[in-house]
Amino acid sequence: MPDSTVVEAPERQPGARPPRLLGGRIPIARLREFALVPAIVVVAIAGWIVDPVFVQRQNVINILQTMSEIALLVLAQALVLIVRKMDLSLESTMGLAPGIAAWLTVTEAGQGLDLLPGAFAVPLTLAVGVAIGLVNALLIVRFGLSGFIVTLGMLIMLRGTLTGISGGQTFFQLPSSMSYLGTTQWLGLPASVWLCLSLFAVGIAVLGWTSFGRSLYAIGGNEDAARAAGIRTRRTVAIVLVVAGLLAALGGLLLSGRLGSVAAAQGDGAIFTVFAAAVIGGVSLSGGRGSLFGAFTGILLLFMIQNVLTLGGVPAEWIDALNGSIILLALVMSRITTGKAQD
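Residues numbered from 1 in each chain as written. Predicted model: local features only at pLDDT ≥ 70, side-chain atom pairs only at ≥ 80, totals over all residues. Heavy atoms only, no water.

For the chain, the name recorded in an unreviewed UniProt entry is Autoinducer 2 import system permease protein LsrC, with Streptomyces zhaozhouensis as its organism. Annotation of the chain in UniProt includes, under Subcellular location (unreviewed entry), the sentence "Cell membrane". (UniProt positions renumbered as here; feature names shortened; annotations may be inferred.)

### With respect to unusual backbone geometry
Phi at Arg84 takes a positive value of approximately 65 degrees, unusual for a residue other than glycine. Tracing the backbone shows Arg84 in the loop between α4 (57–82) and α5 (90–105). We note that Gln173 has phi near 50 degrees; this positive angle belongs to a residue other than glycine. Relative to the assigned elements, Gln173 resides in the loop between α7 (147–166) and α8 (176–183). Take Gln173: its relative accessible area is 55%, and that puts it in the exposed class. (Helix = DSSP H or I, 4+ residues; strand = E, 2+ residues; numbered from the N terminus. Buried < 20%, exposed > 50% of the residue type's maximum accessible area, 1.4 Å probe, protein only.)

### Here we look at the pattern of salt bridges
One pass over the structure, following the stated rule, counts five salt bridges. Taking the shortest distance from any N to any O, the salt bridge between Arg258 and Glu69 comes out at 2.6 Å. Residue Arg258 is found in helix α12 (residues 233–259), and its partner Glu69 is found in helix α4; the two are separated by 189 residues along the sequence. Classification of Glu69 as buried rests on a relative accessible area of 2%. (Salt bridge = Lys/Arg side-chain N within 4 Å of Asp/Glu carboxyl O.)

### Some points on the packing of α5 against α12
At their nearest, the axes of α5 and α12 sit 7 Å apart, and the two run at 60 degrees to each other. Taken together, the axes of α5 and α12 lie oblique to each other. The hand of the α5/α12 crossing is right-handed. Every residue of α12 that contacts α5 at Leu90, Thr93, Met94, Ala97 and Pro98 is listed here: Ala244, Gly245, Ala248, Ala249, Gly251, Gly252, Leu253, Leu255 and Ser256. (Axes fitted to C-alpha atoms, helices over the stretch in contact; angles between N-to-C directions. Parallel < 35°, antiparallel > 145°, perpendicular 65-115°, else oblique. Left-handed = near helix turned anticlockwise from the far one by under 90°. Contact = heavy atoms within 4.5 Å.)

### Overview of the packing of helix α9 (residues 191–209) against helix α10 (residues 211–221)
α10 packs onto α9 with a crossing angle of 75 degrees between their chain directions and a minimal axis gap of 5 Å. It follows that α9 is roughly perpendicular to α10 by the angle criterion. Where α9 abuts α10, its residues Val206, Leu207 and Trp209 lie against Ser211, Phe212, Gly213, Arg214, Leu216 and Tyr217. For the contact of α9 with α10, the class distribution of residues is six nonpolar, two polar and one charged. (Nonpolar A, V, L, I, M, F, W, Y, C, P; charged D, E, K, R; others polar.)

### Brief notes about the nonpolar core
In this structure, Ile70, Ile299 and Leu301 are the most contacted members of the largest nonpolar core, which totals 91 residues. A total of 14 residues in this core trace back to one element, the largest contributor, which is α4. Ignoring any residue separated from it by four or fewer positions in sequence, one finds Ile299 in contact with Met67, Ile70, Ala71, Val74, Thr273 and Ala277. (Core = buried A, V, L, I, M, F, W, Y, C linked by side-chain atoms within 4.5 Å.)

### Observations concerning α8
Each full turn of the α-helix corresponds to 3.6 residues, which orients residues three or four apart in the same direction. Buried residues of α8: Met178, Ser179, Leu181 and Gly182, and no others. Take α8 and look down its axis: the buried residues cluster within an arc of 160 degrees, on one side only. (Arc of directions from axis to C-beta.)

### Focus: the side chain of Ser291
Along the chain, Ser291 turns up in the loop between α13 (270–280) and α14 (292–311). Only 3.0 Å separates the side chain of Ser291 from the backbone nitrogen of Gly294, close enough to count as a polar contact. Those residues in contact with Ser291, other than ones at most four positions away along the chain, are Glu33, Tyr217 and Val283. (Polar contact = N/O pair within 3.5 Å; in protein donor to acceptor, adjacent residues only side chain to side chain.)

### Observations regarding the side chain of Thr184
Secondary-structure assignment places Thr184 in the loop between α8 and β1 (185–186). The residues contacting Thr184, other than those within four sequence positions of it, are Leu189, Pro190 and Ala191.

### Description of the environment of Ile49
Summarising the element assignment, Ile49 is placed in helix α3 (residues 37–50). Each C-alpha atom of the pair Ile49 and Gly312 lies 9.8 Å from the other, and the pair is 263 residues apart in sequence.

Following this line, the structure appears as structure tokens:
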């Protein structure tokens, strides 16, 4: 097996090494990735029973498009959790990154500063996401501060900054460059859906078939052992945090483009959905275990359930309570089907 030292160091830690086929059978770790697939099938059947519109092409596309924006945050959070860190600031990055771009490029009187041409909006949005990831990495990796506390403080600071630059209002009349990815279609599907699926596919390939991906599991399983095995743990964790900031900024760009605006509260509360999707998808909060396919099925399941509840006429006031109950039920089902304790 190539790069065996990368994997063998944290061998005794749960999930620290990729699953192997024993006796030609599929390993339990691999089966856990598909634990939510039966639940997705059940929800799809229930949705069709509640309202046949659920299975119509336009409704399916609507679910995938609205899911794709938050799914990028789930992808980011899953990577961070695998290396045994936590990033609460993703939801605020989702709002502030496109918010700063709009603030500097929007020409409408009383809203934007009109300092830069609209063509700068997209690279500026992504640059803000990278900058936030770099600050998180500096504080967490370089200074050894608690990831939970650092990103909680960052969440509050970014949220306040967006409220400050927007005056608590919503940015409208965004540059066409910001609207493109959120509104255009490629080959009959929204561009945001293609981007989401492509990025998840890249992430799955990196984690499954590269030494860098295996090093993430090694760090999450046992950082000291991974360092002793020659993995540059600090640099790897820093890269993950920067990538997470970039993905959150891209998610914010897709959301802003679809809505044609950047609200002062954009992204608020999204982190709860992000954590729920990652956890029910099998990503461990203690690091070193989980898959991006599982995280993807987690967010897909949550958005399918939300759509079924809406089609069923459930009052919006009850949807959050029902979502929380369903998350707990999904966790129990996952525990039963996999036989593995969750931590």
